[in-house]
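# Commentary on secondary and tertiary structure
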Amino acid sequence: MKENVSFSAVAKNPVRFITTVYAVIKAVSYALLDSPYTLHRFGAGGVLILAVFILTALPKLSRRQLAISVPMTTVIIELVFIALMGGDRLAYYFLMGVPLLSLLYVDIKGFFSVLLLILAITAIMVFGLDIHLIRYSSIEDELFSFIGMGVLYALFFLLSRYSITTLISAQEAAETEAQFLADYTKALETGYNEMRKFRHDHLNLLNGFAGFIDGGNQEGIKEYLQKNLDVAEKSLKVLDKNVETLQVINIPELKGLLAVKFAQAQSMGIEVAIDIARPVENIPLERTDLCRIVGIMLENAVEEIVGNEEHERKLLEFGIILNEGNIAIICANTCKNPPLVEEIFNEDYSTKGENRGLGLYNLKQICKKSGNAWVSAHTEDEGVFTLTVTIV
Amino acid sequence: MISVFVCENDSQYLRNITDCIEKLILIDELEVKLEMSVSDPAEIIRFIENKKVDGLYFLDIELDDGQSGIDVARAIREHDPTGTIAFVTAHTHYRELTFRYNTEAVDYIQKGNKVRERIKACIDRACQKYAGRHEGSRYVFKLPKGDEMSCKFEDILFFETDPAVAHRIILHTKRIQYVYYHSLDKIFKELPKNMFFRCHRSCIVNLSNLTQRCKNELMQGKSYVTMQNGAECKVSANKRKALLGFSEIIAWEGAS
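Calculation rules
Residues numbered from 1 in each chain as written. Chains lettered and ligands numbered in written order. Predicted model: local features only at pLDDT ≥ 70, side-chain atom pairs only at ≥ 80, totals over all residues. Heavy atoms only, no water. Helix = DSSP H or I, 4+ residues; strand = E, 2+ residues; numbered from the N terminus. Contact = heavy atoms within 4.5 Å. Areas by Shrake-Rupley, 256 points an atom, 1.4 Å probe, with all protein chains shown as cover. Axes fitted to C-alpha atoms, helices over the stretch in contact; angles between N-to-C directions. Parallel < 35°, antiparallel > 145°, perpendicular 65-115°, else oblique. Nonpolar A, V, L, I, M, F, W, Y, C, P; charged D, E, K, R; others polar. Pairing = 2+ DSSP bridges. Buried area = accessible area lost by both parts, 1.4 Å probe. Salt bridge = Lys/Arg side-chain N within 4 Å of Asp/Glu carboxyl O. Polar contact = N/O pair within 3.5 Å; in protein donor to acceptor, adjacent residues only side chain to side chain. Buried < 20%, exposed > 50% of the residue type's maximum accessible area, 1.4 Å probe, protein only.

## With respect to the overall build of chain B
Check the secondary structure of chain B and you find 8 helices and 14 strands. Nonlocal contacts in chain B, meaning residues at least 24 apart in sequence, comprise 52% of its contacts between residues at least 6 apart. On chain B, roughly 11,900 Å² of surface is accessible, and the fraction owed to carbon and sulfur atoms is 51%.

And the structure:
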């Protein structure tokens, strides 16, 4: 996804918008602080807003990185300013900062994040105590407000992280759908154009016959017919075969996606073999997940075939195999230099240059998240790379 | 001994298939007997109701009077749950992928195209499955809804349990993964002891499929090894040393 660099794009992008709003609210809340230090009250907010603008304008930052880096910047700035106020207590601030920072990285679920949360609350309370010791000299009457402050802080961090990540996934899903719709429309258009071309050819063909008949040239007619029949048959066969095979799929989204991807592959000169024998009625996955999985598998295969020009044979095989209780989606492509299977699911691995390795990593993540799909890969000596997703 | 049953409503085609099977049995001297060659599936059902067989069934998908070969297959499974079923059909195209991956519980034979080859493959597969069941050279397991599958021991990479669902086993083979329900303890008892190792509470690994990469990972003290299909097999800290020992023996054997 290409990120827009201009500042005016901030309002158009929800993640940027939210992070900016977040920074502004934070800055206002700084200004309203009854801190005796002017530097703290206005300096922190200003630096924060500046930092958020710089971060959102960085073109290479992905949304997820952005979502994590903005709250992280807040924490860092806060730490720096608090350290400026009472420099000799730096150790405490690190004590608080480390679990807080790591809190931003872990998932909300899971045992370790609960542990981290407790650690963070404790650390914040210690730190709160510290601040109050600077400002007031008695602890007892302020104890409840320390606890409250700690809990509020932790909740605030978790909530802001959670809401941003949720927003991102919702937006990603919407984008996938939009992409899918665009592809689908394009395929329909291609189909329509093909049809129109065929009709045009058909008319030309008939006119040609008329010419031969007028001249009474029988040999010519024979030759002409033979030549044109071959061409017509070839072009029709490809279309028909796919349409016929996809009839057995009763999941409209999947059927559409496959039709689109196969048509695209064929238009690039890739031979497509489809192996779906039994009617596909129900695959126990979220429709969007299913489409993303199949989309990634096919895209990866097509990219691999197209990216390598030296292929002797450009073949893409796709199959859905329904056993009782196990469904296997198999996608195989010819490839000249089979990749290292052990590496391909890593975040930063790709045979196609930088920033391209996310496809298979995402595939594995989607499968993992769904809880009932597993992905594996396999290479054969003859230069065939296969991805298999098993669904139960 | 495997009993072969053929059910096909086109009498000409029935004769073709029957001929083909008879010839194959004769040429290859297989432990296979052609039991029945009929056009009415009820005869087959009657036969297996009364007699226990290790069956291989060639069924026409499009039978007469609205009956489908798939219904017949279901009825057969009730009496002969471990039988091998192959559908004969005019409609399916050549199922290269399924065929290569040997991954579906039933087989498909397309009328007219490479029939002989496919029938031979079906018979071979049934023989392998039969032998596996009787000599233990293959690992045989059941998918959630009862289809029986089998694979060679050397193709197995590792077994793992799904932490989210009790008794759900994921079997990683070189080509494909299967998911079914069983207990890891029971599985371990069914496996050859010199080949498999319980490397984690939730994993059994095939020692013969450990690679140099796995060995390196073990030496780096990682809590998993990456297998040939890209999946990670967990290794507990107290089993790491033992597993490293095994992998060294294997590497040495591989070198010699």
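## Digging into the packing of helix 2 (residues 41-50) of chain B against helix 3 (residues 69-79) of chain B
Residue and element names in this part refer to chain B. Running from N to C, helix 2 and helix 3 cross one another at 10°; their axes reach a closest spacing of 9 Å. What the angle tells us is that helix 2 and helix 3 run roughly parallel. For the pair helix 2 and helix 3, contact is made by Pro 41, Ile 44, Ile 45, Ile 48 and Glu 49 and by Val 72, Ala 75, Ile 76 and His 79, respectively. Considered class by class, the residues forming the contact of helix 2 with helix 3 number 7 nonpolar, 1 polar and 1 charged.

## Comments concerning the sheet that holds strand 3 (residues 54-60) of chain B
Residue and element names in this part refer to chain B. Taken together, the 5 strands give an open sheet; going across it, the order is 2-1-3-4-5, and neighbouring strands pair in parallel fashion. Two strands lie at the open edges of the sheet, namely strand 2 (32-38) and strand 5 (106-110), each paired on one side alone. Taken over all neighbouring pairs, the strand axes of this sheet differ in orientation by 20° on average, direction set aside. Along the sheet, helix 1 (residues 11-28) makes contact with strand 1 (2-7), strand 2, strand 3 and strand 4 (84-89), crossing strand 2 at roughly 170°.

## Quick word on the interface of chain A and chain B
On the side of chain B, 35 residues touch chain A, which itself brings 37 residues to the contact. Both sides of the chain A and chain B interface together cover about 3,000 Å² of buried area, and 50% of this is carbon and sulfur. On the chain A side of the interface with chain B, the three residues burying the most area are A:Glu324, A:Glu342 and A:Trp374, jointly 21% of the side's total. Summed over the shared surface of chain A and chain B, the result is 1 salt bridge. Its salt-bridge partner being A:Glu343, residue B:Arg213 comes within 3.0 Å of it at the nearest N-O pair. Viewed at the interface, chain B and chain A are joined by 8 residue pairs in polar contact (both at pLDDT 80 or more). Looking at the side of chain A that touches chain B, the element that brings in the most residues is strand 2 (residues 315-323) of chain A, giving 7 residues. Here the residues of the side of chain A that touches chain B sort into 17 nonpolar, 12 polar and 8 charged.

## Describing unusual backbone geometry
Negative phi characterises most residues that are not glycine, and trans characterises most peptide bonds. Residue and element names in this part refer to chain B. Here His 167, not a glycine, exhibits a phi torsion of approximately 65°, which is positive. One can find His 167 in the loop between strand 8 (156-161) and strand 9 (168-173). With a relative accessible area of 51%, His 167 lands in the exposed category.

## Description of the sheet that holds strand 5 (residues 384-391) of chain A
All names here are of chain A. What the 5 strands build is an open sheet, ordered 1-2-3-5-4; its pairing is mixed. What marks the edges here is a single partner per strand, and that holds for strand 1 (271-276) and strand 4 (373-380). Across the sheet, the mean angle separating the axes of adjacent strands is 10° when strand polarity is ignored. Taken strand by strand, helix 8 (residues 252-267) contacts strand 1 and strand 2, and its axis lies near 160° from that of strand 2. Together, strand 2, strand 3 (326-334) and strand 5 form the strand contacts of helix 9 (residues 287-307), whose direction differs from that of strand 3 by roughly 20°.

All quantities given are derived from atomic positions and should not be read as evidence of function.
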